[in-house]
Amino acid sequence: MRKHAGDRHDAANSGGPAMDGLMKFLHLFALMLGAGAGFGNMMVAMQARCAGGAPPAALLGLRPLFGRLGLAGIVLIWLTGLWLWIADYDAAPLGWAFVAKLAVAALLLAVVLALNAIFARAARGTPPPAWAPRLGQSTSVLTVIAVALAVYVFG
Ligand code: HEM
């Protein structure tokens, strides 16, 4: 029979309630890392625009740091999310909104990997493409959509 988010079982397969609580905590902690990185990157882009002329190197140096923070966040969210899905729901289908959340999370992973590649090339002297700031801004929008879908499915 098809499962729903309400069919969550009581952590029997998952190494107990403490492990389950830890994974859920890490899932939300990873969300904080990702959101912090996304908004931080947006602030850097705003300040760089205000700088008039070449932005200070110390400001641009924040971009790869936020890029790595975002990568750590999205990788951790995938690892803990897969764990929770398998342990609490036996990897059962949970409906269209869960599929949409996974699609948004996959897109977010691809965008964060692309940003990290752009920042790495910028460090070697290739200037980022003109559309890179838009790609950076999309991470916050995608994160907000994923949170809304998660609350719709599990809230
Ligand atoms: C950007 C990506 C993601 C965000 C922002 C996100 C956010 C959230 C949030 C806020 C909740 C708590 C919802 C609530 O209890 O009302 C949640 C729960 C959950 N997420 Fe995610 N998530 C993401 C990716 C994933 C992925 C990739 C998976 C699985 C592969 C996943 C699986 C789950 C599961 C199974 C729960 C329910 C946990 C439980 O109550 O036992 N999430 N997520």
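The structure contained in this document is the topic of the report that follows.

In this section: unusual backbone geometry. The phi torsion at Asp90 lies on the positive side, around 55°, for a residue other than glycine. One can find Asp90 in the loop between α3 (62-89) and α4 (96-123).

Along the polypeptide, Ala106 turns up in helix α4. Owing to 12 C-beta atoms within 10 Å, Ala106 belongs among the exposed residues under this scheme.

Let's shift gears to the nonpolar core. Among the nonpolar cores identified, the biggest contains 15 residues, and Ile77, Val104, Ala105, Leu108 and Ala146 are the most heavily contacted of them. With seven residues, the single largest contributor to this core is α4. Every residue in contact with Leu108, bar those within four places of it in the chain, is listed here: Ile74, Thr139, Leu142, Thr143 and Ala146.

Around the ligand sit 23 residues in total, of which Gly81, Leu84, Ala105, Ala146 and Ala150 are the nearest. Looking at the shell around the ligand, the elements with two or more residues in it are α1 (16-50), α3, α4 and α5 (132-154). In the shell around the ligand, the residues fall into 15 nonpolar, four polar and four charged.

Put simply, α3 and α4 touch, their axes get as near as 9 Å, and they point 155° apart. It follows that α3 is roughly antiparallel to α4 by the angle criterion. Here α3 runs over α4; the crossing is left-handed. Between α3 and α4, the contacting residues are Arg63, Pro64, Gly67, Gly70, Leu71, Ile74, Ile77 and Trp78 on the first element and Ala105, Leu108, Leu109, Val112, Leu115, Asn116, Phe119 and Ala123 on the second.

In this section: the environment of Phe29. Mapped onto the fold, Phe29 is located in helix α1. The partly exposed category is assigned to Phe29, around which 14 C-beta atoms lie within 10 Å. Residues Phe29 and Gly73, spaced 44 residues apart in sequence, show a C-alpha to C-alpha distance of 8.0 Å.

We now examine the packing of α1 against α3. Two numbers describe how α1 lies on α3: the axes approach to 7 Å, and their chain directions differ by 155°. Considered as vectors, α1 and α3 are oriented roughly antiparallel to each other. Between α1 and α3 lies a crossing of left-handed hand. Looking at the contact of α1 with α3 residue by residue, the classes come out as 17 nonpolar, ten polar and four charged.

What follows concerns the environment of His27. In this fold, His27 is placed in helix α1. When the C-alpha positions of His27 and Met43 are compared, they lie 25 Å apart, and in sequence the two are 16 residues distant. Excluding its chain neighbours within four sequence positions, the residues that come into contact with His27 are Ile77, Thr80, Gly81 and Leu84.

Analysis parameters
Residues numbered from 1 in each chain as written. Predicted model: local features only at pLDDT ≥ 70, side-chain atom pairs only at ≥ 80, totals over all residues. Helix = DSSP H or I, 4+ residues; strand = E, 2+ residues; numbered from the N terminus. Buried ≥ 20, exposed ≤ 12 C-beta atoms within 10 Å, placed from the backbone. Core = buried A, V, L, I, M, F, W, Y, C linked by C-beta atoms within 7 Å. Contact = placed C-beta atoms within 7 Å. Near = placed C-beta within 6 Å. Nonpolar A, V, L, I, M, F, W, Y, C, P; charged D, E, K, R; others polar. Axes fitted to C-alpha atoms, helices over the stretch in contact; angles between N-to-C directions. Parallel < 35°, antiparallel > 145°, perpendicular 65-115°, else oblique. Left-handed = near helix turned anticlockwise from the far one by under 90°.

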